[in-house]
Amino acid sequence: MLRLVMGMTLLALALLPDSLAARGGTLLDRERLLARYHARHDAFADQLSGLALDCESRGLTAAAASIRALTPLPAEADFNLDNLPPSVGSPANPAGQPGQFDWEAELRAARQLYADDLFLIALEAIRQEFPRLALDWIRETAFHDPDHELARERLGWVRYGDRWVTPFTALMLRRGYLHHERFGWLPADHVDRYEQGERFWKGRWVPADREPELRKSISMVDAWEVESDHFVVRTNHSLERGVELSAALEDLHRFFIREFAEFFATRGQMTRIFDDGKPLDPTGVGKHEVWYFRTREEYQRYVRAKQKGADLMTGFYMPRERRAYFFAAPDNPQANIETLYHEVTHQLLSESNRKVFEVGEASGFWAIEGIACYMESFNRGGERFTVGDPMHSRIYFARERIVAEDWFMPLEQFTHMGRSKFQAAPAGQSPEETMKTWQRYYSQATGLTHFLLHYENGRYRDGFVSYLTQLYSPDSRIRGPAQSLDEAVGVTFDELNRQYVEYVRNLPTGGTESQVR
């Protein structure tokens, strides 16, 4: 199965555009950091291979296999860097008999020493302002030493008793709350009564079947409100649905911040991250607010006055309110959640700044919609996330425009369109023709995003993120005359046109996923 890996690109050095390299370290600095990392990893892998041979010589074949599974580079391995134990660790095989071969203790010591050295390399990456490399290496540090306090802190964990938890979880536990899979955070003495079919409403207990009527309004007073580390979900649908959406949004947030760390890492954030002991705050604007209506009709009535045409959409984000609006669509739950991913991607990017401003007005509007359409393919599978499945409708139709319709707009023309031109109805077209034009624009925007993130193991990924960062810059002197795409990735438009068309034509068409670790 072909896997288009968008996770850590440590196997090959992707070329950085000058604009990104100028933020801190140079291309040579980045090469040196990667060389230092690879040298240390090779030594670690050799040490573990030697330990595995010792195990095999003693007939411990299962132990040898488990040790060898830890030797590949993360981009080549099956282990999950985000799979960190929540409990504070203790030696798995405490004091053995003198002279006894204790392979677990040797493995633990080797991993801890490697983690310490790796964290120092990450620190240097922070100093030189290579946030993605730093974040990848901090994650790997915590994977090999789950109790590495500095790595845990930078990844947003805090210690609560004998557990590693998020700051919001620690706050709720201190308040005497417990987290229920269906009902979210509840006071500990409420859990049993909720499971028995009662609900707490304005100081009194009522039967569960009465609660929907009591909370039919989405007002601040009546609606359910589900708070998590990064989101507040307000809904008049149900508490259970609010909890489900909250979990989905936190997964999306964790993935998005991890994979696009460079977008959120300002110079100040990157230099402070190791000085004050605080994890990277990607937005600094507080929690993201999401409203989820019980019915489409309620949604339409509410948003119609907010923005012209908003009631025709299946969800939308309003930057000036810093709020995303959606409604339940029980007849198509998959499309419902994909709309959520689309609009919340807009929300995460927009709320990376405290200032509110129009994005992509002059040019580059394709990227704003392209990244949001691409993220509709985000898929949660336990502790694994995938994105970019070529059989997802957005990406599938990017291929169809070229293969079946023979339609392609040259990228120099396409990428220089601003919002009004991208969204305007072309002169002289019928409503049906206009709709087809818009569909083609959105398909190409999605396909181009996929191409820039995945082509040749992410060759253009850093350039694309730099391009997107400029479009969302709070400084109008950067945002207005944002780099042209060819400048951002360092390749002519003629070459990009050829590569893009060839790439999209050759996308797999049968059940292939693009896996992200």
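If you're wondering where the values come from, they're calculated on a predicted model, not measured in any experiment.

*Asks:* I'm lost on the overall build of the protein in this one. Help?
*Replies:* Regarding its fold elements, the protein presents 23 helices and 14 strands. When the 517 residues of the protein are sorted by exposure, 53% land in the buried category. Within the structure as shown, the protein displays about 23500 Å² of accessible surface, and the carbon and sulfur contribution to it stands at 51%.

*Asks:* Sorry, what's going on with the pairing of strand β11 (residues 323–327) here?
*Replies:* Walk down a regular strand and you will see the side chains alternate between the two sheet faces. Most of β11 sits inside the fold, with five of its five residues counted as buried. Here β11 shows no split at all, with R323, Y325 and F327 on one side and A324 and F326 on the other all buried. Of the pairings in the sheet, the one linking strand β9 (residues 288–293) to β11 comprises five bridges and is parallel in character. Considered in β11, the bridge of V290 is made with A324. When strand β10 (residues 315–318) meets β11, the two strands line up antiparallel, connected through four bridges. Its bridge partner lying in β11, F316 is registered against Y325. Remark: four residues form the turn of the hairpin made by β10 and β11, two consecutive strands paired antiparallel; R322 in that turn has positive phi of roughly 50 degrees.

*Asks:* Honestly, helix α14 (residues 333–350) in this entry has me stumped. Any pointers?
*Replies:* Three- or four-residue spacings in an α-helix give side chains the same orientation, since the helix completes a turn every 3.6 residues. An ideal rise of 1.5 Å per residue puts 26 Å on 18 residues; α14 measures up with 26 Å between its terminal C-alpha atoms. Among the 18 residues of α14, 15 are classified as buried, and the element is accordingly described as predominantly covered.

*Asks:* What's the story with the pattern of salt bridges in this structure? I'm lost.
*Replies:* Any two side chains of opposite charge can pair, so long as their charged atoms come close to each other. Using the criterion set out here, one finds 37 salt bridges in the structure. The salt bridge involving R30 is made with D462; its shortest N-O contact spans 3.7 Å. You can see R30 sitting in helix α2 (residues 27–57) and its partner D462 sitting in helix α20 (residues 461–471), a full 432 residues away along the chain. The two residues R30 and D462 agree in class, both being buried. Note that E289 and R323 form a salt bridge whose closest N and O atoms lie 3.2 Å from each other. One end of the pair, E289, is in strand β9; the other, R323, is in strand β11, with 34 residues separating them in the sequence. With relative accessibility at 13%, the residue R323 sits in the buried group.

*Asks:* What exactly am I supposed to notice about the packing of aromatic side chains here?
*Replies:* Given two aromatic rings, one states the distance between the centres and the angle between the planes to describe the pair. On inspection of all chains with the given rule, the structure shows 37 aromatic pairs. Aromatic pair F79 and F143: ring centres 4.6 Å apart, planes at 20 degrees, arrangement stacked. Pair noted here: F79 is in the loop between α3 (61–68) and α4 (103–127) and F143 is in helix α5 (residues 131–144), with a separation of 64 residues, a long-range link. Centre to centre, the rings of Y299 and F327 are 4.8 Å apart; their planes meet at 50 degrees, and the pair counts as tilted. Within this pair, whereas Y299 is found in helix α13 (residues 296–304), its partner F327 is found in strand β11, the two being separated by 28 residues in sequence. Each of the two residues, Y299 as well as F327, counts as buried. Each residue in the set W291, F293, Y299, Y302, F316, Y325 and F327 is aromatic and connected to the rest through ring pairs, giving one cluster.

*Asks:* I tried to follow the environment of E198 on my own but got confused; where do I start?
*Replies:* Looking at where E198 falls in the secondary structure, it is placed in strand β5 (residues 198–201). In this structure the C-alpha to C-alpha distance between E198 and E211, which are 13 residues apart in sequence, comes to 9.1 Å. What E198 contacts, discounting residues up to four positions off in sequence, is R193, W205, V206 and A208.

*Asks:* Sorry if this is basic, but what is going on with the packing of helix α19 (residues 431–454) against helix α23 (residues 493–505) here?
*Replies:* The N-to-C vectors of α19 and α23 enclose an angle of 100 degrees; their axes lie 10 Å apart at closest approach. When the interaxial angle is binned, α19 and α23 end up roughly perpendicular. Residue-level contacts link Q444, G447, L448, H450, F451 and H454 of α19 to L496, Q499, Y500 and Y503 of α23. Within the contact of α19 with α23, the residues separate by chemical class into five nonpolar, five polar and no charged.

*Asks:* Even after reading the chapter, I still don't get the side chain of D145, so can you show me in this structure?
*Replies:* Here D145 shows up in the loop between α5 and α6 (149–154). No salt bridge is formed by the buried D145; its nearest oppositely charged neighbour, R152, is found at 7.9 Å. Not counting residues within four places of it along the chain, the set of residues in contact with D145 comprises Q112 and A115.

*Asks:* How should the confidence of the model for the protein be read in this particular structure?
*Replies:* Per-residue pLDDT for the protein averages 86, and the proportion of residues at 70 or more is 86%. Residue range residues 91–96 is modelled with pLDDT below 50. Its contacts to residues more than four positions away, or to other chains, number seven contacts. Throughout residues 511–517 the model reports pLDDT below 50, and contacts reaching past four residues in sequence, or to other chains, amount to 40 contacts.

*Asks:* How should I be thinking about the sheet that holds strand β7 (residues 224–227) in this particular structure?
*Replies:* Hydrogen bonds along the backbone pair up the strands of a sheet, which may run parallel or antiparallel. If you trace the five strands from one edge of the open sheet to the other, you get β7-β8-β9-β11-β10, paired in mixed fashion. Each end of this open sheet is capped by a strand with a single partner; those strands are β7 and β10. Between one strand and the next, the sheet's axes are offset by a mean angle of 15 degrees, whatever the strand orientation. As judged from the five bridges shared by strand β8 (residues 231–235) and β9, these two strands associate in the parallel manner. Note on β9: the bridge partner recorded for V233 is V290. Packed onto the sheet, helix α10 (residues 239–259) meets β7, β8 and β9 and runs at close to 150 degrees relative to β8.

*Asks:* I tried to follow the pairing of strand β3 (residues 177–180) on my own but got confused; where do I start?
*Replies:* Here β3 pairs with strand β4 (residues 184–187) via four bridges, running antiparallel. Across the sheet, residue Y177 finds its bridge partner in β4, namely P187. Here β3 hands over to β4 after three residues, the two strands then running antiparallel side by side.

Conventions and cut-offs
- Residues numbered from 1 in each chain as written.
- Predicted model: local features only at pLDDT ≥ 70, side-chain atom pairs only at ≥ 80, totals over all residues.
- Heavy atoms only, no water.
- Helix = DSSP H or I, 4+ residues; strand = E, 2+ residues; numbered from the N terminus.
- Buried < 20%, exposed > 50% of the residue type's maximum accessible area, 1.4 Å probe, protein only.
- Areas by Shrake-Rupley, 256 points an atom, 1.4 Å probe, with all protein chains shown as cover.
- Pairing = 2+ DSSP bridges.
- Expected span 1.5 Å × (residues − 1).
- Salt bridge = Lys/Arg side-chain N within 4 Å of Asp/Glu carboxyl O.
- Phe/Tyr/Trp six-rings, centres within 6.5 Å; stacked < 30°, edge-to-face > 60°.
- Contact = heavy atoms within 4.5 Å.
- Axes fitted to C-alpha atoms, helices over the stretch in contact; angles between N-to-C directions.
- Parallel < 35°, antiparallel > 145°, perpendicular 65-115°, else oblique.
- Nonpolar A, V, L, I, M, F, W, Y, C, P; charged D, E, K, R; others polar.
- Lys, Arg positive; Asp, Glu negative; His and termini not counted.
- pLDDT = per-residue confidence, 0-100.

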